[in-house]
Amino acid sequence: MTVIKWGPDQAAAAAQDRRTTGVWTGSAWSERFKDADRAARYARLAPSLALELENRVRALDARLAGFRWPDTGLSMARARLAVKDPGLERKVRAELPEAADVSRYYRYFSRGFEASQPLSLDPGDYEFKVSLGADSETLSLEVGSDWTNGDLLQAVADGINDSKLKVQAEVVRQDSPGQRVDGLLATGSALALTVNQAYADRELKLRDSSGHLVKALDLEATRAPVGPAEEAVYDLKGVMIARPTAFSSKGFDPNEATGLAAGTYGVDFAMGADSGTVRFVVEAADTWRDVLTKLGQALDSAQDSFSSRLVTVSRPSDLVGDDLYLKMDGLALAIEAEAPKVGERLSLGGSDAASDEVLSALGLDCTAYPGSDARMTVNGTDEVRAPGIFSEDQGRVRLGLEDSFGQTLPLRVTGALERLEQGVGGVAAAYNDLRLFMLRNQDLLSPGLAEDWRGPVDSRLAELNWLGLEETGRDRLLWFDHDRFYFALGRDPDRVRDLLSAPGKGLFKDWERAAGELLAAGPESRLVEEASVDDPALGRPGPATELELEKGSRLLDLYDDLPEPGEPHPGGRGGVVDKSG
């Protein structure tokens, strides 16, 4: 029987040693209870703890990924940012070119004409030169005596579209200025010349060579817009991505004899205005490598509208067991159109029946992919481009369609200052949420994890305070001072950018790396080892369940109810009192 004795010395010691829980500091019961509580929390919380950690890291990573620094060559007050709906990630590439690099999709406009009116231009032959960068072509046109204005406009458009230059032309009719084409002030029918943004660095020029056709149409170059992109919302739907026409032969053993009849064969090709026939010779001793090489070289030397190359493909093996189907490498010829204009498709065919049979034997009698233009709906208007780069706001907004999507999603062009402020504030809030979570659960997380994430802040404290980010409170959370941030941006925007997002040294880049490493390793890797929750001296603690913990808690609570010195024991005769009811 345990006897508890009371006296002045014992009372003083008890008053000093007793904890608020009623368990004496340093006692085996105290440590055992703490370990039991921790083990039970670990067993109960570990799965959800890992998930919560992952969610908070992903939330911060998403904020970091959404942070964009404007790069427009304009003052911060006039700079713009393109902000995509999350659903547009990996589907639409958006950029706002620097002011010096802005180039309009529509390069030339004619004056307006009444299409049905007789032509005032004299009939006869006319020539004009079209240049795009270093490439140029001289186009000729025979004007008939009975032509109308509409006939002339369409004939010039057809001639330009049939050229090899990466220039396209269309006849636009509108009843009021800017009705169909932004920046076109003419009414009636007008000729518009366009250059895809993929060739934005090339200058387009027109010049009369014979006659005065360009002058008669009053074709004038458009001017680059002044000022930053307009703040606007673009509702986008990606209908189809641009893909060039492609052919692929069958896969062959490159060293195997072809079995084709010796002779000369011809292949007809056509792409846009480019067409012709190439011939290649098959000899009796030729291997498949010989034939594919000869055909590819003949096609490449005859034109520059498409290209061919030998590729390694998988083909069925000659070794087939009862239940085994093997694959092995083979050689094939891949043919693909090069930078087609809108509507241009490549076609191949044999020049005679024997050549058709050879193409069939090679597997080139049908296309691997027929080709498509890029189609995207922008604010309700269907636009077609080849390649898949779209130009909005007179060239100040460029959109690249990388994958199709059926849902209409927004892209916003907004002021950079406001967006930067929201971006920094959003990152700070996501970091604070992650840090609080780590601090509240640090006994079950890897030692020092919260401080590891704070490290990039600690190493930059003085500079971050300058731009408006400072630590506050016992938990050292980040406080974002908007006024100080605006002041820093106005004083030295390059310094602010370097502190936050400079590659390899910015705060946000450090957090991006940390987030990537944690997500790659898995959040479970940042939990303590299960064995580490046991006291090495006491072994695996008990109780391990909430019920057992409650029982233990009631038993230990008796120490809280021990009488002060001089007071009678609650049971009258001493001993343990059952207070559980």
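Note that this is a predicted model, so its numbers are computed, not measured.

Asker: Would you mind going over the pattern of salt bridges with me for this structure?
Answerer: A pair can form between side chains of opposite charge whenever their charged atoms are brought close. Counted according to the given criterion, the structure contains 29 salt bridges. In this structure, Asp-433 engages Arg-56 in a salt bridge whose closest nitrogen and oxygen atoms are separated by 3.5 Å. Taken together, the residues Asp-433 in helix α7 (residues 416-440) and Arg-56 in helix α2 (residues 28-66) connect sequence positions 377 residues apart. Here Asp-510 and Arg-513 are joined by a salt bridge, their closest N and O atoms 2.1 Å apart. Of the two residues, Asp-510 and Arg-513 are both situated in helix α12 (residues 507-521); the distance of three residues between them amounts to about one turn of the helix.

Asker: Honestly, the packing of helix α8 (residues 449-458) against α12 in this entry has me stumped. Any pointers?
Answerer: A pair of packed helices is characterised by two quantities: the angle between their axes and the separation of those axes. One can describe the packing of α8 onto α12 by two numbers: an axis separation of 9 Å at closest approach and a directional angle of 165°. As the angle between them shows, α8 and α12 are arranged roughly antiparallel. Where α8 crosses over α12, the two elements pack in a sense that is right-handed. Contact residues: Trp-453, Pro-456 and Val-457 in α8; Leu-507, Asp-510, Trp-511, Ala-514, Ala-515 and Leu-518 in α12. In terms of residue class, the contact of α8 with α12 is built from eight nonpolar, no polar and one charged.

Asker: Is there a simple way to explain the pairing of strand β13 (residues 274-282) in this structure?
Answerer: For a regular strand, side chains alternate in direction, first toward one face of the sheet and then toward the other. Across nine bridges, the pairing between strand β12 (residues 263-271) and β13 is antiparallel. Counted as the bridge partner of Met-271 is Asp-274 from β13.

Asker: Sorry if this is basic, but what is going on with the sheet that holds strand β3 (residues 106-109) here?
Answerer: Two orientations exist for strands paired in a sheet by backbone hydrogen bonds: parallel and antiparallel. An order of β6-β7-β3-β9 is seen for the four strands of this open sheet, with the pairing classed as antiparallel. Since the sheet does not close on itself, it has two edges, and those belong to β6 (168-174) and β9 (220-221), each with one partner. Sheet topology places β3 next to β9; two bridges connect them, and they run antiparallel. Within β9, the residue paired with Tyr-108 across the bridge is Ala-221. Across the sheet, helix α3 (residues 149-161) is in contact with β6 and β7 (188-194); its angle to β6 comes to roughly 150°.

Asker: Where do I start with the sheet that holds strand β2 (residues 92-95) in this structure?
Answerer: The three strands are arranged β2-β20-β19 in an open sheet whose pairing can be described as antiparallel. Among the strands making up the open sheet, the edge pair consists of β2 and β19 (389-392). Here the average twist between neighbouring strands, direction ignored, is 20°. In terms of strand pairing, β2 meets strand β20 (residues 397-401) through four bridges, oriented antiparallel. Residue pairing for β20: Glu-95 is matched across the bridge by Arg-398.

Conventions used here
- Every chain begins its residue count from 1, and numbering advances along the sequence as written.
- Owing to the predicted nature of the model, reporting of local features is limited to residues with pLDDT of at least 70; listing and counting of side-chain atom pairs is limited to 80 or more, with chain, interface and lining totals taken over all residues.
- For side-chain calculations, the full set of non-hydrogen atoms in the structure is used, while hydrogens and water are omitted.
- When a carboxyl oxygen of Asp or Glu lies within 4 Å of a side-chain nitrogen of Lys or Arg, that pair is called a salt bridge.
- The helix count covers DSSP runs of H or I at least four residues long, the strand count covers runs of E at least two residues long, and both are numbered beginning at the N terminus.
- The angle between two axes is taken between their N-to-C directions and runs from 0 to 180 degrees, where each axis is a line fitted to C-alpha atoms and a helix contributes only its stretch in contact.
- Angle categories: roughly parallel below 35 degrees, roughly antiparallel above 145, roughly perpendicular from 65 to 115, and oblique for all the rest.
- Crossings are sorted by hand: turned counterclockwise from the far helix by less than a right angle, the near helix makes the crossing left-handed, and turned clockwise it makes it right-handed.
- By definition, residues are in contact when any of their heavy atoms lie within 4.5 Å.
- Asp, Glu, Lys and Arg are counted as charged, while Ala, Val, Leu, Ile, Met, Phe, Trp, Tyr, Cys and Pro are counted as nonpolar; the rest, among them Gly, fall into the polar class.
- DSSP bridges decide pairing: two strands pair if at least two such bridges lie between them.

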